[in-house]
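Structural description and commentary
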Amino acid sequence: MGDFNAILNLEDRVHSIEVHDAEIRDFRKFMVEAGMTELQTIGRSYTRRNNHTYSRIDRAIVNSNWMTTMPHLLVQVIDPIFLDHSPLCIELDRLENRCRKAFIFMNCIAKHLNFTKVVEDNWRQTNNAHYMKDIWEKLKHVKNAIKELNVKEFNWVTERIKDIRGKLKNVQEDMRTPNHSQELFEAEKELRIQLEKWDLIEESIYKQKSSVQWLKLGESNSAYFFASMKNRRAQNHINDLVSTKGRMLQTEKGIEEEILKFYKQLLGNANTTLPAIRPNIMNTGPILNRRQKQALIRPFDKEEVSKAL
């Protein structure tokens with residue numbers, strides 16, 4: 001954590017000369033090759049000010065070991081006061097608020113042998129409802145059934161892989177000498193197939209949760225994907241929030257009240273009465289004739305769409 005004297009993104013410097021790809025290429029390459037991830041920040045958007053130039057060159061970056069062992073942490077960018085750099089602060093003794101997790105559909109579920117049957121059986125259930133409510137009820141049934149399938153088959157993928165590895169290790173220990181039965185060959189073959197299958201499933205889950213799309217074929221990056229997944233989850237979770245008055249909010253209730261207050265001010269209040277259109281006033285002003293009205297509702301063709309685009 002500190003001053004890296006380099007920017008990572010194009011938007012990390014404003015009110016100065018334009019940022020070119022060559023300036024960020026080396027730093028980005030280092031982050032990828034070293035498996036480093038930047039911790040989420042809160043507070044000021046930029047960490048250094050030089051006259052009118054604002055830049056973000058102070059960061060807190062961690063490796064995959066940190067992401068897998070430490071809880072979700074935020075880096076607070078503090079006001080610089082008399083400094084030209086903003087100090088960075090990490091609070092380590094905060095307890096993470098656990099809340100109910102939303103169900104995320106994993107792509108590996110669709111490859112299960114019973115997936116199509118589960119969806120069809122639950123979609124055919126009758127609900128004695130009409131139109132959109134019937135569809136909504138069907139979707140609820142399908143979602144609950146898929147959740148049950150996920151818990152039953154894919155909830156303990158890591159533990160299942162460890163179990164298969166242990167069984168494979170025991171079989172291969174029995175095969176150290178050439179005098180062994182054909183059953184051991186078949187058992188080893190089956191365990192290898194199962195291990196490859198569940199390794200790919202685990203990798204697919206971590207890849208989807210982390211949103212990292214550049215995995216190379218046959219390259220196992222489970223630790224990196226798990227770290228990226230935790231970082232993405234931290235990015236999507238609000239642990240701290242700076243209010244409109246500049247006060248740091250760290251309680252769940254305070255954050256909820258501030259968000260509601262912000263959107264109420266943004267959207268405004270509901271009117272108790274709606275003003276009606278007065279036709280007599282409308283008719284005194286310019287109005288469209290019949291030919292203009294017909295032109296507005298005339299179907300458009302491909303040439304008009306191409307010209308507009």
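For the structure, see preceding data.
In this report, the structure presented in the accompanying data block is examined. (Residues numbered from 1 in each chain as written. Predicted model: local features only at pLDDT ≥ 70, side-chain atom pairs only at ≥ 80, totals over all residues. Heavy atoms only, no water.)

1. A look at the sheet that holds strand β10 (residues 88-90)
Convention followed: Pairing between two strands requires that DSSP report at least two bridges joining them. The secondary structure listing takes helices from DSSP runs of H or I that are at least 4 residues long and strands from runs of E that are at least 2 residues long, numbered from the N terminus. Here, axes are lines fitted to C-alpha atoms. For helices the fit covers the stretch in contact, and angles between N-to-C directions go from 0 to 180 degrees.
Sheet architecture is open: three strands sit in the order β4-β9-β10, paired in mixed fashion. Strands with a single pairing partner mark the edges of an open sheet, and in this sheet they are β4 (41-43) and β10. This sheet shows a mean twist of 30 degrees between the axes of neighbouring strands, independent of strand direction. Of the pairings in the sheet, the one linking strand β9 (residues 75-77) to β10 comprises three bridges and is antiparallel in character. Its bridge partner lying in β10, Gln76 is registered against Cys89.

2. Some details on the environment of Ile201
This is how it is decided: Every residue pair with non-hydrogen atoms within 4.5 Å of one another is taken to be in contact.
By the secondary structure assignment, Ile201 is in helix α6 (residues 182-210). Spatially, the C-alpha atoms of Ile201 and Phe154 are 8.6 Å apart, while their sequence positions differ by 47 residues. Those residues in contact with Ile201 that sit more than four places away from it in its chain are Cys108, Phe154 and Val157.

3. Some words on the packing of aromatic side chains
Short version of the rule: To pair, rings of Phe, Tyr and Trp, with the six-membered ring standing in for Trp, must have centres within 6.5 Å; the planes then decide the type, stacked if under 30 degrees apart, edge-to-face if over 60, and tilted in the middle. Buried residues are those whose accessible area, probed at 1.4 Å on protein chains only, stays under 20% of the maximum for their type, while exposed residues exceed 50% and partly exposed ones sit between those limits. Lysine NZ or arginine CZ positioned within 6 Å of the ring centre and within 35 degrees of the ring normal marks a charge as sitting over the ring.
All chains considered together, the criterion is met by six aromatic pairs. Geometrically, the ring pair formed by Phe105 and Phe115 is tilted, given 6.0 Å between the ring centres and 50 degrees between the ring planes. With Phe105 in the loop between β10 and α3 (115-123) and Phe115 in helix α3, this residue pair connects regions lying ten residues apart in the sequence. The class for Phe105 is partly exposed, based on a relative accessible area of 32%. For Phe115, a relative accessible area of 16% corresponds to the buried category. These aromatic residues form a ring-pair network of at least three members: Phe4, Phe27 and Phe30. Over the aromatic face of Trp198 sits the side chain of Arg160, whose NZ or CZ is 4.3 Å from the ring centroid.

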